[in-house]
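Residue strings, one per chain:
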Amino acid sequence: MTIPMVMPSSVAALLSLRFGFGGPCVTVSAACASGAAAIGEGIEVLRRRAADVVLAGGVDSLVGYGAMCCFMRLDAMSRNVSCPELASRPFDADRDGFVMGEGAGFVVLQRLDDVPPSGPEPLGLVLGHASSADAYHLVAPSPGGEGAIRCMALALADAGVQARDVAHVNAHGTSTVLNDRAEAAALSTLFEGSCPPVTAPKGSTGHLIGGSGAVEAIVSLISLRHRQVPPVAGLRTIDPDVDLDLVQDAPRQALPGYALSNSFGFGGANTALVLAAWGSAG
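As the structure is a computational prediction, the values presented were derived from the model and not from experiment.

What counts as what
Residues numbered from 1 in each chain as written. Predicted model: local features only at pLDDT ≥ 70, side-chain atom pairs only at ≥ 80, totals over all residues. Heavy atoms only, no water. Buried < 20%, exposed > 50% of the residue type's maximum accessible area, 1.4 Å probe, protein only. Helix = DSSP H or I, 4+ residues; strand = E, 2+ residues; numbered from the N terminus. Pairing = 2+ DSSP bridges. Right-handed = clockwise from strand over helix to strand, strands pointing away. Axes fitted to C-alpha atoms, helices over the stretch in contact; angles between N-to-C directions. Parallel < 35°, antiparallel > 145°, perpendicular 65-115°, else oblique. Contact = heavy atoms within 4.5 Å. Nonpolar A, V, L, I, M, F, W, Y, C, P; charged D, E, K, R; others polar. Phe/Tyr/Trp six-rings, centres within 6.5 Å; stacked < 30°, edge-to-face > 60°. Lys NZ or Arg CZ within 6 Å of the ring centre and 35° of its normal. Polar contact = N/O pair within 3.5 Å; in protein donor to acceptor, adjacent residues only side chain to side chain.

**Student:** Would you mind showing me how to read the pairing of strand 4 (residues 166–170) here?
**Tutor:** Where a strand is regular, its side chains alternate between the two sheet faces. With five of five residues buried, strand 4 is to be regarded as a mostly interior element. Sheet analysis places strand 4 next to strand 8 (residues 258–265), joined by four bridges and oriented parallel. Residue V166 lies in a different strand from strand 8, and its bridge partner there is Y258. One ladder, built from two bridges, connects strand 4 with strand 5 (residues 198–199); its direction is parallel. The residue of strand 5 that forms the bridge with N170 is T199. As for the winding sense of the linkage, the β-α-β connection from strand 4 through helix 6 (residues 177–190) to strand 5 is right-handed.

**Student:** Explanation requested: the packing of helix 3 (residues 34–47) against helix 8 (residues 212–226) in the structure shown.
**Tutor:** Geometry of a packed helix pair, given as the angle between the helix axes and the separation of the axes. Close contact between helix 3 and helix 8 brings their axes to 4 Å; oriented N to C, the two are set at 70 degrees. The pairing of helix 3 with helix 8 is recorded here as roughly perpendicular in orientation. Contacts between helix 3 and helix 8 involve G35, A36 and I39 from the former and G213, A214 and A217 from the latter. A class-by-class count of the residues in the contact of helix 3 with helix 8 yields four nonpolar, two polar and no charged.

**Student:** What is the right way to read the packing of aromatic side chains from this model?
**Tutor:** Two descriptors summarise a pair of aromatic rings, namely the distance from one centre to the other and the angle between the planes of the rings. Counted under the stated rule, the structure contains three aromatic pairs. Relative to F21, the ring of F19 lies with its centre 5.7 Å away and its plane at 25 degrees, an arrangement referred to as stacked. Judged by its relative accessible area of 39%, F21 is partly exposed. Centroid distance F71 to F266: 6.3 Å. Interplanar angle 40 degrees. Geometry classified as tilted. You can see F71 sitting in helix 4 (residues 65–73) and its partner F266 sitting in the loop between strand 8 and strand 9 (269–277), a full 195 residues away along the chain. Accessibility expressed as a relative area gives 14% for F71, which makes it buried. According to the relative accessible area criterion, F266 is partly exposed, its value standing at 33%. Ring-pair connections join several aromatic residues into one group, and the members of that group are F71, F98 and F266. Geometry around F19 places R18 over its ring, the cationic atom sitting 5.0 Å from the centre.

**Student:** I would appreciate a short explanation of the side chain of T174 in the present structure.
**Tutor:** Here T174 lies in the loop between strand 4 and helix 6. Looking at T174, its side chain comes within polar contact range of the side chain of T176, at 2.7 Å. Excluding residues within four positions of it along the chain, T174 makes contact with G97, F98, N179, D180, K202 and H207.

**Student:** Sorry if this is basic, but what is going on with the side chain of N179 here?
**Tutor:** For N179, the location among the structural elements is in helix 6. Residue N179 is classed as buried on the basis of its relative accessible area of 13%. Non-local contacts of N179, meaning those with residues more than four positions away in its chain, are made with P141, H172, G173, T174 and F264.

**Student:** Can you help me understand the pairing of strand 9 in this one?
**Tutor:** In terms of burial, strand 9 is largely enclosed, as nine of its nine residues are buried. Burial along strand 9 is two-sided: the residues A269, T271, L273, L275 and A277 and N270, A272, V274 and A276 are all buried. As judged from the seven bridges shared by strand 8 and strand 9, these two strands associate in the antiparallel manner. Bridging across to strand 9, S263 finds its partner in T271.

Here it is, written out as structure tokens:
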């Protein structure tokens with residue numbers, strides 16, 4: 001069983017066996033954007049009517065000596081051992097890298113017309129998605145976030161949503177200097193300097209790598225449902241080079257509207273999802 005245990009597609013295969021799903025069984029590999037990109041692929045499966053129900057999400061398990069040594073050599077991981085609760089602090093002036101986490105998140109997707117009226121109320125709506133490539137560097141984001149800007153704009157266009165109608169942003173926010181500044185620049189450009197409230201769950205969860213995009217999409221949907229944007233854990237002093245309305249210290253009441261959830265990965269892989277609370281859009 002060694003080969004099935006190490007092949008990336010084994011998770012999708014085991015889920016199809018567990019639930020008897022006979023439709024497309026696809027594994028999306030887009031580094032840290034994988035979970036969000038898998039949800040986007042699930043939306044496309046529904047749009048082309050290749051399935052009526054889709055299970056989509058992401059998972060990763062990299063907490064181990066080999067992988068963590070490699071990330072340390074890249075200077076991507078925090079070395080803050082004196083105050084570990086502040087080790088992962090996206091957009092903070094004193095951040096020095098992310099904390100490795102492990103986790104999984106999956107969503108059950110259906111077309112709006114196929115949701116049974118007598119069943120449980122859906123958590124929310126995935127209105128649009130998009131992916132892009134920086135085409136710049138294997139591990140560094142493009143300066144100014146050009147690829148991220150293009151990705152977010154395409155996702156909003158796919159959803160038919162204007163930037164001004166976005167109620168909050170779930171930032172990729174890894175707690176690394178280059179990534180946070182590139183994403184902040186991209187958001188400032190996209191929203192023309194009037195960015196809505198921004199949160200970054202990796203301050204609480206650490207970086208779940210391939211699982212992060214799906215988990216954070218679920219966090220965004222729950223935030224929309226309760227109209228509360230969670231604060232960025234660990235954020236004490238905002239980086240002066242980051243011009244964003246970051247949610248700090250306590251949850252913030254959110255205005256009605258849409259959420260934009262970002263996931264960016266090594267290789268310049270970008271994915272953005274546009275989400276809405278159930279009943280807020282058709």
